[in-house]
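Observations on the three-dimensional arrangement
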Amino acid sequence: MVATAATSSFFPVPSPDSGAKNSKLGNGNAKLGLKSKSAAAGLQVKANAQAPPKINGTSVGLATVESGKNGDDMHGLAQSPPARTFINQLPDWSMLLAAITTIFLAAEKQWMMLDWKPKRPDMLIDPFGLGRIVQDGLVFRQNFSIRSYEIGADRTASIETLMNHLQETALNHVKTAGLLGDGFGSTPEMSIRNLIWVVTKMQVKVDRYPTWGDVVQVDTWVSASGKNGMRRDWIIHDCKTGQILTRASSVWVMMNKLTRRLSKIPDEVRSEIEPYFMNSAPVVEEDGRKLQKLDDNTADFVRTGLTPRWSDLDINQHVNNVKYIGWILESAPLPILESHELSSLTLEYRRECGRDSVLQSLTAVSGAEIGHLASTGKVECQHLLRLEGGSEIVRGRTGWRPKKPNNIGIMGGLPAVNA
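Criteria and thresholds
- Residues numbered from 1 in each chain as written.
- Predicted model: local features only at pLDDT ≥ 70, side-chain atom pairs only at ≥ 80, totals over all residues.
- Heavy atoms only, no water.
- Buried < 20%, exposed > 50% of the residue type's maximum accessible area, 1.4 Å probe, protein only.
- Helix = DSSP H or I, 4+ residues; strand = E, 2+ residues; numbered from the N terminus.
- Pairing = 2+ DSSP bridges.
- Phe/Tyr/Trp six-rings, centres within 6.5 Å; stacked < 30°, edge-to-face > 60°.
- Salt bridge = Lys/Arg side-chain N within 4 Å of Asp/Glu carboxyl O.

This part takes up the pairing of strand β11 (residues 340–349). Counting buried positions over the 10 residues of β11 gives nine, a clear majority of the element. As paired elements, strand β5 (residues 195–206) and β11 share five bridges and run antiparallel to each other. Within the sheet, the bridge partner assigned to K201 lies in β11 and is E348.

Bringing unusual backbone geometry into the picture now. The phi torsion at R155 lies on the positive side, around 65 degrees, for a residue other than glycine. Residue class for R155 comes out exposed when judged on its relative accessible area of 55%.

Glancing now at the environment of E168. With respect to the helices, strands and loops of the structure, E168 is situated in helix α5 (residues 159–176). When its relative accessible area of 37% is taken as the criterion, E168 is described as partly exposed. Spatially, the C-alpha atoms of E168 and V218 are 9.9 Å apart, while their sequence positions differ by 50 residues.

What follows is about the packing of aromatic side chains. Per the stated rule, a full pass over the model turns up two aromatic pairs. A centroid spacing of 6.0 Å and a plane angle of 40 degrees characterise the contact between Y324 and W327, whose relative ring orientation is tilted. With Y324 and W327 both in helix α8 (residues 321–329) and three residues apart, the pair spans about one turn of that helix. Exposure remark for Y324: the relative accessible area of 3% places this residue in the buried category. Their ring planes at 45 degrees and their centres at 5.7 Å tell us that Y324 and Y349 sit as a pair that is tilted. Of the two residues, Y324 sits in helix α8 while Y349 sits in strand β11, which places them 25 residues apart along the sequence. Classification of Y349 as buried rests on a relative accessible area of 11%.

Taken as a whole and judged by the stated rule, the model has 21 salt bridges. We note a salt bridge from R193 to E268, for which the minimum N-O separation is 3.4 Å. Placement of R193 in the loop between α6 (188–192) and β5 and of E268 in helix α7 (residues 267–273) is noted, with a sequence separation of 75 residues between them. The partner of D238 in a salt bridge is R208, with the nearest N and O atoms 2.8 Å apart.

Take a look at the structure:
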C-alpha cells in the first residue's frame, strides 16, 4: 500500500471530465496498474487506520486525496527529514578538542619535568632536590630549601638543620655514585664484611645562617685521611648570592658492626672508594688545640638525665651523631644562647651511645663572665658528653659571636601565651 501511494505522488490521477487527453492518460494508467480515485480513497482509509510511521523520531502520515479540484495529487510523506548537508554530517568536534587538549597538557607537564630550567637566577636550580654529581664525577651537589620547622627562635636555621643537610648529602653522594650497600653509607664490599663508617672528628665554621625560604646549595666530596681513614668536606652556598655560608670537614674510620671495634680498610673496599677521592686540602683549617676533659669541678654547668629516644637511633642501632650536638647545647648557659650565635664547632667522638644509655652534659665557659656577656665579644666554651658511669662519649669546643641587633630580644617580644 505504501508503495502504491508513493507511486501515485509522481503520477496524478485524472478526473472524469478531463477529455480525450485525460482518457488517453487513463489508458496509460491502466497499463501502469494505477487504481481509480475510489481505490485511492480506500487506500486512504486503510492507511489512516494504521499507526503513523516514524522517521528519525518524527511522526509522518499519508496525505489525503482532495476531490473536486483539477490536478488532485496523492502526496506520499506529509513531512520529510531535512536534507543532509556537509555541515550536519560533521562529527562532534567538542569531544575531539577535549581529547587533544588533555594530551597536550600531559605532554607539556612531562616536558617541564624532564627539561626544567629556571627563569630567574634566584629560583631553585634543582627543583626536586635529587642532587647530581659534578666536577668530573668527584663532587656531589644538592639543593635544600629551608623549611619553617627548621628555624629556631632567631628566625634562622639551627645548627642541627645544617648538620642534617651535611649528613643527607654524604649518603646521597654514595647512593648516586652507585656504591650504597645495605648499611648506613656502606659500600657493597663493606656490607659483605659487616663494616660501617663512624665519624671520629668534625669541624664546622658557620659564617651566616640561612633563614626561612632561603635555598642553599651543598657541595661535598671525599679524600684520603692517613692509611685507614677518609675525610669528607662540605661547603654550603646561598643559591641566590653565591655567598659561602658554612664550611665543614670530618674524618671517618671503619668499624665492625658486630664486634664494635675499629677496622682497617680492606683492599677490596679501597678499590671501591679510591676512584672518588679528591686530592684537596681540608676546607676547615685543622685546629690543633687539645680538647679539655671536664669534670664536676671544672664544669660551670651540668645537665643530667639525658636519655636517647627510639627516634634518635640510626639504622646501625646507635645514636645519630647530629643528636650529640643537641645534647651538648643542653648544658650551654641561657644568656649565651640569647645574646650569641654559634660560629664554630669542633667535636671528637670517643665512643658510641646506645638506646639504654643515660648521659650527662657538661659545659665550661672561657674568656667571659656569664653576667656580662652583652659587653663582651666572642665567647668560647668547652663541652663533654659522658655516660653516668663516667665514660666519655664526645668532647667538644664551641665558638660564639654576638648576634645581630635585630636578632636579640626576639623571644622577649613574643606574646605571653607563646613565650
